[in-house]
Amino acid sequence: VQGAKPTLHELHATKTDAPIALDGKLDEPVWAKAARSSSFVHTITGAKAEPEASVKAAWDAQNLYVAFEVADDYLHSTFAKNDDHLWEQDCVEIMLDPGGDGKDYVEVQVSPANKHFDTKYDSRRVPQPFGHIDYDAHMTTGVALRGTLNDDKADEGYTVEIAIPWAS
């Protein structure tokens, strides 16, 4: 219905007391217990996003943990350094807004090559163009590929695990 408010989905993070190995494998018990989001949708149209992706979340006293599962038939990421413009190729992204007010929020990204980008904004896209790129979320990441990056053969996708310290 045109003009209708979109449905906002909630994803509850599962508490864990066991360590999580950040290797992209999601074989720790917490990931089996954690709720999986529905498949992602296009932010403008609400149509199912391609490639298909979903996320799980967990937490402990030190970190927020986020795990993405992405079904992608062509893994593409040629960036070789952290803080490159990962959004121009395959990557997963998280926007964290602790106050829920669109101010003082953090954006983090991880590519299938296990490179990351992190920045902080004062408000929506301020400062331009890429926020405070000197910000460091001190995150730890792990990626498991189901295929080979940047070749011509068909792939199946990738999984990303991210640990973001609460202190950051």
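Residues numbered from 1 in each chain as written. Predicted model: local features only at pLDDT ≥ 70, side-chain atom pairs only at ≥ 80, totals over all residues. Heavy atoms only, no water.

You can see Y158 is positioned in strand β8 (residues 157-165). On the basis of relative accessibility, which here comes to 1%, the residue Y158 falls in the buried class. On a C-alpha basis, the gap between Y158 and A113 in space is 9.9 Å, while along the polypeptide they are 45 residues apart. (Helix = DSSP H or I, 4+ residues; strand = E, 2+ residues; numbered from the N terminus. Buried < 20%, exposed > 50% of the residue type's maximum accessible area, 1.4 Å probe, protein only.)

Right, let's talk about the pattern of salt bridges for a bit. Opposite charge on two side chains makes pairing possible when the charged atoms of those side chains draw close. Enumeration according to the criterion identifies 4 salt bridges in this entry. A salt bridge links E107 to R125, with the nearest nitrogen and oxygen atoms 3.0 Å apart. Taken together, the residues E107 in strand β5 (residues 105-110) and R125 in the loop between β6 (116-121) and β7 (140-146) connect sequence positions 18 residues apart. Note on E107: relative accessible area 4%, which makes it buried. Residue R125 is classed as partly exposed on the basis of its relative accessible area, which comes to 28%. (Salt bridge = Lys/Arg side-chain N within 4 Å of Asp/Glu carboxyl O.)

The omega torsion of the bond from E50 to P51 falls at 0°, within 30 degrees of zero and hence cis. Turning to its location among the elements, P51 is positioned in the loop between α1 (29-33) and β2 (52-59). That bond from Q128 to P129 is cis: its omega, 0°, falls within 30 degrees of zero. Mapping P129 onto the fold places it in the loop between β6 and β7. In this model, D83 sits at a positive phi of 70°, which is unusual for a non-glycine residue. Checked against the element boundaries, D83 lands in the loop between β3 (63-71) and β4 (92-96). Owing to a relative accessible area of 33%, D83 belongs among the partly exposed residues under this scheme. Not every positive phi belongs to a glycine, and H138 is a case in point at roughly 55°. Tracing the backbone through its elements, the reader meets H138 in the loop between β6 and β7. A relative accessible area of 54% means that H138 is categorised as exposed.

Within this structure, the stated rule accounts for 4 aromatic pairs. Judged by centre distance (6.2 Å) and plane angle (90°), the ring pair of F40 and F68 falls under edge-to-face. Taken together, the residues span a long stretch of sequence, with F40 in the loop between α1 and β2 and F68 in strand β3 at a distance of 28 residues. Residue F40 is classed as partly exposed on the basis of its relative accessible area, which comes to 32%. Assessed through its relative accessible area of 4%, F68 is described here as buried. The side chain of K15 reaches across the aromatic face of W59, ending 5.3 Å from its centre. (Phe/Tyr/Trp six-rings, centres within 6.5 Å; stacked < 30°, edge-to-face > 60°. Lys NZ or Arg CZ within 6 Å of the ring centre and 35° of its normal.)

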